[in-house]
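So you can see what is in the structure, the chains are spelled out below.
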Amino acid sequence: MPGIVIDTSGSPYTRLKPVPIENVKLQDEFWASRLDTLLNVTLPTQYKLLEETGRIDNFRRAAGKAKGSFRGLYFNDSDVYKWVEAASFALAYRRDPRVEELTDRVVAEIAAAQDEDGYLNTYFTFERKRERWSNLRDMHEMYCAGHLFQAAVARRRTLGKRDLLAAAVRFADHIYEVFGPGRREGVDGHPEVEMALVELYRETGKREYLELARLMIDRRGRGLIGGSPYHLDHKPLREMEEVPPGAHAVRALYLFCGAADVYMETGDRSLMEALERLWRDLVEGKMYVTGGVGSRYEGEAVGEAYELPNERAYAETCAAVANAMWNWRMLLATGEARFADVMELALYNGALAGISLSGDLYFYVNPLADRGRHRRQRWFECACCPPNIARLIAYVPGMVYARGRSSVYVNLYAASRAAVELDGGRVQLVQRTRYPWDGLVEIEVRPEGVEEFSLLLRAPGWSKPARIEVNGEGFGTAQPGTYFEVRRKWKEGDVVRARFDVGPALVEAHPHVTCNTGRAAIRYGPLVYCLEQADNEHNVWDLAVVPGTLRAEWRSDLLGGVVTVKGKALALDTSAWAGKLYAPLGEVQMQAREVEFTAIPYYAWANRELGPMIVWVRLAEQKVGQSA
Ligand SMILES: [Zn+2]
């Protein structure tokens, strides 16, 4: 059974086809240990919390096996489904009898809770049965259904088990009966079911599901659920020029995922053209430097262009996860490296910050500056984020490579062994690298039954032009933000080598992002850095980095092993401001002394003692605007 997350193998309008998770054996310092933590810590502890908080009891209750009332929020079923999906894909990476047994148990409870007509949602049982489908805008029934479909498809693909898929198909058929073409015109307030229906279509071949997904996209924007930008219901997706300020970030990005999936099956150009406009609008004005999305607490929403506050960044973990998911789909559809860049950015930074190094604490909100109070929690009443980051980590082995008819795409770099099927044969790849800590990548090629094909290496957008060598000889120069094609007749043991310039470097923001004026963020390879108090003597909010002094230093003993970025900074003595909030320009003179600062990857912050953190650090004035 192939462990494929987004199965574009039969999709007519895609450039890239998937490589199953089990075909990629990670051997790297970064992701392999995170997948182990996922299986050993995250999934078992999340299971316990699903039990403790009554989320699984809700299924037992619906099945008549347990008494009591429904517990928690009305969409809590979705957390259980996301957990099953995460566990299923993680099991494709490595079979773990304990996690598999837990998954089987949970799935049995889910399946037993299904109604005879196929409906399945534990909130709307018994006393609330008559309220089904009565408030599509708010009650998340199709949202929950979508997560069920994704979990069911994952389980079928990775473990070969049809139990949950059978339940998903019955529920999808029920939804088609109620909301299909010519039936009731309904659309859910929270997108999700669209991409799930397309995946269910890919798994079952039932075209009704694709048809329903497309219908759901086209019904949105006609005021059926109130017409608000928050719900992306203010105008049809095909007519949107921007991600509207006030749009709920996760709703928006899930909708874009679904639309990309529908495009890949139908070739519907106007959908893709809209997605292209929305993508530009987002990455050119409304996305954090971490790949996080959603700058407003109010409505967990996207703001105006350049409205990107740091301390008050909302940047929900789920939104960064969704941003990675959307860009992965855009990459599969187009084969364009700019989408892989954003996918990588959101994955390594905005999303990964959502989980602790220990694997059992989570951020819901991801600020880019903090005074020392924000800490990860073990769970939330609305627990959308923990299982969402779990499933994204489970996807990672399946994101590293993709294939064309006679080409292999290297999307992400991670030391690994992989087998990729091509027309007429297969190729084994051994990738050797210390990425993201080092930009040197070597890929050894072992063709089996195929001779001539292309290896496409992604030259990350953050790098400089990179020399590509084959067997030690120059082959060409890869331009940043493109895939570099090495096409040749391959022989066993051929080695392709690239060295990407990981930095460190300073990044500045568009002048209209007012909170970043006179400031810069530190980047090292795909990683965004921050200054955290635990590594610095002086308050990190009072440090002004001196450009041109940055250097990287590997620290195996720190935060699970990280490259730190060190350099010179001016430590400003803000005590001169004591008792004042405002003063005539130039009246308060601050003393400064030169100190050394240490920055760590943003994903790793808040794993030690409390203290301030800052991503956009002040620049020492004399060098403002110059590069590192
Ligand atoms: Zn969330």
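Before reading on, note that the structure itself is shown above.
Numbering of residues starts from 1 in each chain and follows the order in which that chain's sequence is written. The predicted nature of this model means local features are confined to residues of pLDDT at least 70 and side-chain atom pairs, given and counted, to a pLDDT of 80 or more, with totals for whole chains, interfaces and linings taken over all residues. Values reported for side chains reflect all heavy atoms of the structure, with hydrogen atoms and water molecules removed beforehand.

A. Examining the overall build of the protein more closely. In this text, helices come from DSSP runs of H or I with a minimum length of four residues, and strands from runs of E with a minimum of two, each type numbered from the N-terminal end. Helix and strand counts for the protein come out as 13 helices and 22 strands. Based on C-alpha atoms, the radius of gyration is set beside the globule rule, defined as 2.2 Å times the residue count to the power 0.38. Against the 2.2 N^0.38 benchmark of 25 Å for 628 residues, the protein shows a C-alpha radius of gyration of 25 Å, consistent with a compact globule. Dimensions of the protein, computed from C-alpha atoms along their principal axes, come out at roughly 75 × 70 × 50 Å. It only takes one pair of heavy atoms within 4.5 Å for two residues to be counted as in contact. Counting contacts in the protein only where the partners sit at least 6 residues apart, residues at least 24 apart contribute 68% of the total. Accessible areas in this description were obtained via Shrake-Rupley with a 1.4 Å probe; residue shielding takes into account the shown protein chains only. When the accessible surface of the protein is split by element, carbon and sulfur atoms take 47% of a total near 22600 Å². Positive residues here are Lys and Arg, negative ones are Asp and Glu, while His and the chain termini are left out of the count. Note on charges: their place is set at NZ of Lys, CZ of Arg, CG of Asp or CD of Glu. Each charge sign in the protein was given a centre, from 80 positive and 85 negative side chains, and these centres are 1 Å apart.

B. Structural detail: the environment of Arg 132. By secondary structure assignment, the location of Arg 132 is in the loop between helix H4 (97-112) and helix H5 (141-159). Buried means the residue's accessible area, taken with a 1.4 Å probe over protein chains only, is under 20% of the maximum for its type, while exposed means over 50%, and partly exposed covers the values in between. Accessibility expressed as a relative area gives 14% for Arg 132, which makes it buried. For the pair Arg 132 and Tyr 119, spaced 13 residues apart in the sequence, the C-alpha separation amounts to 9.2 Å. Residue contacts for Arg 132: discarding those within four places in its chain leaves Asp 115, Asp 117, Tyr 119, Phe 124, Thr 125 and Glu 141.

C. Structural context of the sheet that holds strand S4 (residues 401-404). With mixed pairing, five strands are arranged side by side in an open sheet as S1-S4-S5-S9-S12. The sheet terminates laterally at strand S1 (17-18) and strand S12 (482-489), the two strands that pair on one side only. Relative to strand S9 (residues 452-459), strand S5 (residues 407-410) is paired through four bridges, and the arrangement is parallel. Pairing of Ser 407 across the sheet is with Ser 454, part of S9. Here the rule is simple: two strands pair whenever DSSP picks up at least two bridges between them.

D. Representation of the packing of aromatic side chains. Centres within 6.5 Å make a pair out of two Phe, Tyr or Trp rings, where for Trp the six-membered ring is used; the pair is then stacked when the planes are under 30 degrees apart, edge-to-face when over 60, and tilted otherwise. For the structure shown, the criterion picks out 34 aromatic pairs. Here Tyr 314 and Tyr 364 contribute two aromatic rings whose centre-to-centre distance is 6.2 Å and whose plane-to-plane angle is 70 degrees, an arrangement assigned as edge-to-face. Note that Tyr 314 is positioned in the loop between helix H10 (269-285) and helix H11 (317-334) and Tyr 364 in the loop between helix H12 (337-351) and strand S3 (369-370), a separation of 50 residues in sequence. Assessed through its relative accessible area of 8%, Tyr 314 is described here as buried.

E. Focus on helix H7 (residues 193-204). Here the expected span of a helix is defined as 1.5 Å times the quantity of residues minus one. Over its 12 residues, H7 extends 16 Å from the first C-alpha to the last, a length consistent with the 16 Å expected when each residue adds 1.5 Å. Most of H7 is tucked away, with 10 of its 12 residues classed as buried. Listed as buried for H7 are Val 193, Glu 194, Met 195, Ala 196, Leu 197, Val 198, Glu 199, Leu 200, Tyr 201 and Arg 202. If you follow the buried residues of H7, they end up packed against H5, helix H6 (163-179), helix H8 (207-219), helix H9 (249-266) and H11. The positive-phi residue at the C-terminal boundary of H7 is Gly 205, with phi of around 80 degrees.

F. A look at the coordination of the zinc ion. Only nitrogen, oxygen and sulfur atoms qualify as donors, provided they sit within 2.8 Å of the metal or within 3.2 Å for Na, K and Ca; with water excluded from the atoms, sites may seem incomplete. Coordination of the zinc ion by the protein is provided by Glu 316 (OE), Cys 318 (SG), Cys 384 (SG) and Cys 385 (SG), with metal-donor distances spanning 2.1 to 2.3 Å. The rule is simple: four donors are tetrahedral if all their angles sit between 85 and 135 degrees, four are square planar and six octahedral if opposite donors span more than 155 degrees and the others lie between 65 and 115, and anything that fits none of that is irregular. In this structure, the zinc ion is surrounded by four donor atoms whose angles at the metal cover 95 to 119 degrees, and the resulting shape is tetrahedral. Each donor residue of the zinc ion belongs to the same chain, and together they define the spacing E-x1-C-x65-C-C. With a gap of 67 residues between them, Cys 318 in helix H11 and Cys 385 in helix H13 (residues 385-399) connect regions that are remote in the sequence. Accessibility assignment for this pair places Cys 318 and Cys 385 in one class, buried.

G. Quick peek at the side chain of Thr 266. If you trace the backbone, Thr 266 turns up in helix H9. Any N or O atom pair separated by 3.5 Å or less is treated as a polar contact, with the protein-specific requirement of one donor-capable and one acceptor-capable atom, and with residues adjacent in sequence counted only for side-chain atom pairs. A distance of 3.3 Å separates a polar atom in the side chain of Thr 266 from the backbone nitrogen of Asp 268. Thr 266 has contacts with Tyr 13, Leu 210 and Arg 214, leaving out every residue within four places of it along the chain.

H. Inspection of the nonpolar core at higher detail. If you look at the biggest cluster of nonpolar residues, it comprises 233 residues, and the most contacted ones within it are Ile 110, Phe 149, Phe 256, Trp 326 and Leu 455. Sequence-distant contacts of Phe 149, defined by excluding residues within four places in its chain, comprise Ala 168, Phe 171, Ala 172, Ile 175, Val 193, Ala 196, Leu 197 and Leu 200. In these notes, a set of buried Ala, Val, Leu, Ile, Met, Phe, Trp, Tyr and Cys residues joined through side-chain atoms within 4.5 Å is what counts as a nonpolar core.

I. Local environment of the sheet that holds strand S2 (residues 24-26). The antiparallel open sheet is built from seven strands, whose spatial order is S2-S6-S7-S8-S13-S10-S11. Two strands lie at the open edges of the sheet, namely S2 and strand S11 (473-478), each paired on one side alone. Neighbour-to-neighbour, the strand axes of this sheet turn through a mean angle of 20 degrees, independent of strand direction. As defined by bridge partners, strand S8 (residues 440-448) adjoins strand S13 (residues 494-499) across six bridges and the pair is classed as antiparallel. Looking at S13, one finds that Glu 444 is bridged to Val 495. All axes are obtained by fitting lines to C-alpha atoms, using only the stretch in contact for helices, and the reported angles, taken between N-to-C directions, cover 0 to 180 degrees.

J. Quick look at unusual backbone geometry. Put simply, Tyr 435 and Pro 436 share a cis peptide bond, and its omega is 5 degrees. Position of Pro 436 among the secondary structure elements: in the loop between strand S7 (425-433) and S8. With omega at 15 degrees, the peptide bond leading from Gly 503 into Pro 504 counts as cis. With respect to the secondary-structure elements, Pro 504 resides in the loop between S13 and strand S14 (505-507). We note that Trp 133 has phi near 55 degrees; this positive angle belongs to a residue other than glycine. Relative to the assigned elements, Trp 133 resides in the loop between H4 and H5. The phi dihedral of Ala 315 is positive, around 40 degrees, even though this residue is not glycine. In this structure, Ala 315 sits in the loop between H10 and H11. Since its relative accessible area comes to 3%, Ala 315 is described here as buried.

Keep in mind these numbers describe shape, not what the thing actually does.
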